[in-house]
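The chain contents come next:
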Amino acid sequence: MKQITSFEQYQQEYKRSIETPEAFWSEQAEEFMWYKKWDSVLDWNFDEPNVKWFIGGKLNITENCLDRHLIQKGDQVAIVWEPNHPDAETRKITYKELHAEVCRFANVLKRNGAKKGDRICIYMPMIPELAIAVLACARIGAIHSVVFGGFSFKSLADRIQDADCAIVITADGVFRGTKDIQLKAIVDEALETCPSVKRTIVFKHIHSDIVMKKDRDVWWHDEIQFVSSDCKPEVMDSEDPLFILYTSGSTGKPKGVVHSTAGYMVSVDYTFRNVFQYKDGDIYWCTADVGWITGHSYLVYGPLLAGATTLMFEGIPTFPDAGRFWQVIDKHKVNIFYTAPTAIRSLEAMGLQYVKPYKLNSLKVLGTVGEPINEEAWHWYNENIGKKNCPIVDTYWQTETAAIMISPLAGITETKPGFATFPLPGIQPALLDEKGAELSGNNVEGRLCYKFPWPGMIRTTYGNHERCKEAYFATYKGYYFTGDGCKRDEDGYYRITGRVDDVIKVSGHLLGTAEVENAINEHPDIVESAVVGFPHDIKGWGIYAFVICENERKDVDSLKREIIQTVTKYMGAIAKPDKIQIVKGLPKTRSGKIMRRILRKIAENDFSNLGDTSTLLDPSVVEDIKAGAQ
Ligand code: PRX
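Rules and cut-offs
- Residues numbered from 1 in each chain as written.
- Predicted model: local features only at pLDDT ≥ 70, side-chain atom pairs only at ≥ 80, totals over all residues.
- Heavy atoms only, no water.
- Helix = DSSP H or I, 4+ residues; strand = E, 2+ residues; numbered from the N terminus.
- Rg over C-alpha atoms; globule rule 2.2 N^0.38 Å.
- Buried < 20%, exposed > 50% of the residue type's maximum accessible area, 1.4 Å probe, protein only.
- Contact = heavy atoms within 4.5 Å.
- Areas by Shrake-Rupley, 256 points an atom, 1.4 Å probe, with all protein chains shown as cover.
- Pairing = 2+ DSSP bridges.
- Near = heavy atom within 4 Å.
- Polar contact = N/O pair within 3.5 Å; in protein donor to acceptor, adjacent residues only side chain to side chain.
- Core = buried A, V, L, I, M, F, W, Y, C linked by side-chain atoms within 4.5 Å.
- Disulfide = S-S within 2.5 Å.
- Phe/Tyr/Trp six-rings, centres within 6.5 Å; stacked < 30°, edge-to-face > 60°.
- Salt bridge = Lys/Arg side-chain N within 4 Å of Asp/Glu carboxyl O.
- Arc of directions from axis to C-beta.
- Axes fitted to C-alpha atoms, helices over the stretch in contact; angles between N-to-C directions.

Undergrad: So what's going on with the overall build of the protein? Residues and values would help.
TA: Scanning the protein for helices and strands turns up 19 helices and 31 strands. Against the globule reference of 25 Å for 630 residues, the protein gives a C-alpha radius of gyration of 24 Å, in line with a compact fold. Within the protein, buried positions represent 61% of all 630 residues. The contacts in the protein between residues at least 6 apart in sequence include a share of 70% that link residues at least 24 apart. For the protein, the exposed area adds up to about 24,000 Å²; of that, 49% sits on carbon and sulfur atoms.

What follows is the structure, encoded as structure tokens:
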């Protein structure tokens, strides 16, 4: 297994990857199993956009995740599963067993009518069957669309409809801390508006009483009895879509980001091995849910492509107490631990008494992802979890990039707290000013773009290529635009400064302000709302909602509670507003556009420089809002 082992080598590899990208990426792709190698490496054009890698290649990614490891690693544990309750039984699944389970479930999918190219929605708890379902789709060439189990029936229905899914794979329910959540009931509600779904396959996990709809719902455990563990992988083209994953954008409708098969595989494998410096035998734990890109790339595909042991955790960091992560690390002797800054901050706030009982001496590498990590949290993580012995990789990337883009290589790149450091080999970032001119040299700050494709990049947004172009390639001609601001310091280190568009990162989750507004507006008394972010100690950003009420309601507290319930119902608990202010009007321009800049300032409690308000339709609303600000 080839890996970069020194900073000098990183620099050489970086240089080579920029000078001869096709040769560089071909070399990375060589080590996989291909039915047929590619005819040409790359075809691209950011105007359409059109990006194709390893053109003409034929493969199946599950062969590379599973079959390829069977001879040498058949008896090695592929997935360690840690349940929600610490007293419940851990499961360990070897590569041989995982291979057999994936093949079996792939046959179940076929038995239920699934075929290559079909879209299959997966709405499941963090249990091994979730990974099995994902891989089984890939085995038969069906396109998986995993929806995070915390999303509500409405978000689930929107995603199923957009991808026109024929099958939904789910479970009766999920344990989360002290609660049980009835997933199947949410699916039932969603499916009332999803006529495309002809079949749901239900895994029995919490053994709750659920209703099975005749002719539509079947049990996983029944179906599995009818099939064998032989399933020849479907031959896929390099550019065949592997999956769709929805992400929020600045309009109300989430975008179905489409990833390819070969390019995704090569980028994810290369970054997993190099960033974490994974060594054979390491136990690796990524705490992200498979419903997010981090779970796809660095809990399922990346580790399995590398033949690693990947830990999957069903529970939450604070159950039964705030020491749960650290207890799991000691219990399974975790070597590489990858989590989100928001989790670190919330555990830091609980106090060191939850860390002290644990040794944490198996740890070698720590990682963070999803949002900028503030220096204080970085130091707490370094000192108390890493015991100053573990390099921290602050990995910057996105759903659309599929794989880590800017990050230290563990133990190789000298880190600076709060900096994602340098681009990985093959990645060509550019900082642009507002007019689109590229800023050269160091000590500059601008909008982060990429000027050259990498294998794992987004190919399209499902069913609407124009939207992909608009969202990522139209702002700056010839560049992919991330939506993030970024600084390159005097040493050339990159520091992500945060979003520059209408999406907010709440606890590391990307939420479109328009999406949250749509959910709030479902409340019968609300006529209009405007949502902005404000800095939040634990979550990074919190949600501040300004709402206009139709009939004046005196019971403001219960109205606020109802709004929170409405958002939970229509979007999911992750989108609950932290602050709600009832206002008489919103600051709008004469053309009706809400001036969010003003609302953002007020939400940040900064009334000093609200800019010119004279162009507003009714400047007096600003005074009212200021007076009622929280
Ligand atoms: O704003 C950046 C932030 O997360 C966004 C991507 O979110 P999502 O597609 O949900 O993927 C999250 C997991 C990769 C980015 O546009 N972000 C992600 N990682 C970092 C980050 N911001 C700062 N530092 C990071 N390490």
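Undergrad: Provide a residue-level description of the sheet that holds strand S22 (residues 438-439), including the pertinent values.
TA: Here five strands make up an open sheet; going across it, the order is S22-S21-S23-S25-S26 and the pairing antiparallel. At either margin of the open sheet sits one strand with a lone partner, and together these are S22 and strand S26 (494-499). Where strand S25 (residues 480-488) lies against S26, five bridges are found, and the strand directions are antiparallel. Bridging across to S26, Cys486 finds its partner in Ile496.

Undergrad: Quick rundown of the site of the ligand? Include the residues and the values.
TA: In the vicinity of the ligand lie 16 residues, with Asp394, Thr395, Thr399, Asp484 and Arg499 positioned nearest. In this structure, Thr399 approaches the ligand through a side-chain N or O atom, which is 2.5 Å from an oxygen atom. Between the ligand and the protein, one listed contact pairs an oxygen atom with a side-chain N or O atom of Lys505 at 2.8 Å. Here the ligand loses 95% of its free accessible area of 540 Å² to cover by the protein chains.

Undergrad: Give me the lowdown on the nonpolar core, citing residues and values where you can.
TA: By size, the foremost hydrophobic cluster in this structure holds 123 residues, and its most contacted members are Phe105, Phe276 and Tyr301. If one sorts the elements of this core by residue count, helix H6 (residues 128-140) sits on top with ten residues. Setting aside chain neighbours within four positions, we find Tyr301 in contact with Ile61, Cys65, Val134, Leu135, Ala138, His144, Leu242, Tyr264, Val268 and His296. Membership of the second largest hydrophobic core comes to 45 residues, among which are Leu511, Val547, Cys549 and Met571.

Undergrad: Please set out the state of the cysteines residue by residue, giving values where relevant.
TA: Note on terminology: a disulfide is the covalent bond linking the sulfur atoms of two cysteines. Counted under the stated rule, the structure contains zero disulfides. Cys449 provides the cysteine sulfur closest to Cys468, a residue in no disulfide bond, and the two sulfurs are 14 Å apart. This cysteine, Cys486, is not joined by any disulfide, and Cys449 carries the nearest cysteine sulfur, 10 Å off.

Undergrad: Let's hear about the pairing of strand S14 (residues 241-247): which residues, and what values?
TA: The element S14 is largely enclosed, with a buried count of six among its seven residues. The pairing of strand S7 (residues 143-146) with S14 spans two bridges and is classified as parallel. The residue bridging His144 from the neighbouring strand is Phe243, located in S14.

Undergrad: So what's going on with the pairing of strand S20 (residues 392-395)? Which residues, and what values?
TA: Covered by surrounding structure in S20 are Ile392 and Asp394 together with Val393 and Thr395, the residues of both alternating faces. By the bridge criterion, four bridges tie strand S19 (residues 365-369) to S20 in an arrangement that is parallel. The partner of Thr368 across the bridge, within S20, is Asp394.

Undergrad: Help me get a handle on the packing of aromatic side chains, residues and values and all.
TA: Across all of its chains, the model carries 49 aromatic pairs by this definition. With centroids separated by 5.6 Å and ring planes inclined at 75°, the aromatic side chains of Trp25 and Tyr270 adopt a geometry described as edge-to-face. Remark: Tyr270 occurs in helix H10 (residues 262-275) and Trp25 occurs in helix H2 (residues 21-29); sequence separation between them is 245 residues. Judged on exposure class, the residue Trp25 and its partner Tyr270 are both buried. Judged by centre distance (5.6 Å) and plane angle (75°), the rings of Phe325 and Phe337 are edge-to-face.

Undergrad: An account of the pattern of salt bridges is needed here, citing residue identities and associated values.
TA: Summed over all chains, the structure comprises 45 salt bridges. For Asp158, the salt bridge is made with Lys154, and the minimal N-O distance between the two is 3.3 Å. Here Asp158 and its partner Lys154 are both found in helix H7 (residues 153-163), four residues apart, which amounts to about one turn of the helix. Residue class for Asp158 comes out partly exposed when judged on its relative accessible area of 29%. Among the charged side chains, a network of salt bridges with common partners joins Lys184, Asp188, Arg216 and Asp217.

Undergrad: Pulling in residues and values, what's your account of the environment of Ile132?
TA: By the element assignment, Ile132 lies in helix H6. Here Ile132 falls in the buried class, since its relative accessible area comes to 2%. For the pair Ile132 and Val300, spaced 168 residues apart in sequence, the C-alpha separation works out to 9.5 Å. In this structure Ile132 touches Leu98, Glu101, Val102, Phe105 and Trp220, once residues within four positions along its chain are discounted.

Undergrad: How would you summarise helix H19 (residues 620-628) if you had to cite specific residues and measurements?
TA: Buried within H19 we find Val621, Val622 and Ile625. On an axial view of H19, the arc spanned by its buried residues comes to 100°, and they lie on one face. Where H19 is buried, its residues contact strand S30 (540-549), strand S31 (579-583) and helix H18 (596-603).

Undergrad: Describe the sheet that holds strand S11 (residues 199-203), naming the residues involved and giving the relevant values.
TA: Spatial strand order, S12-S11-S8-S6-S7-S14-S15-S24: eight strands in an open sheet with mixed pairing. A strand with exactly one partner marks an edge of an open sheet, and here the two such strands are strand S12 (217-219) and strand S24 (460-461). Pairing of strand S6 (residues 119-123) with S7 involves four bridges; the strand directions are parallel. When the sheet's bridge partners are listed, Ile122 is paired in S7 with Val146. Packing against the sheet, helix H5 (residues 95-111) makes contact with S6, strand S8 (167-171) and S11, and its axis sits at approximately 150° to S11.

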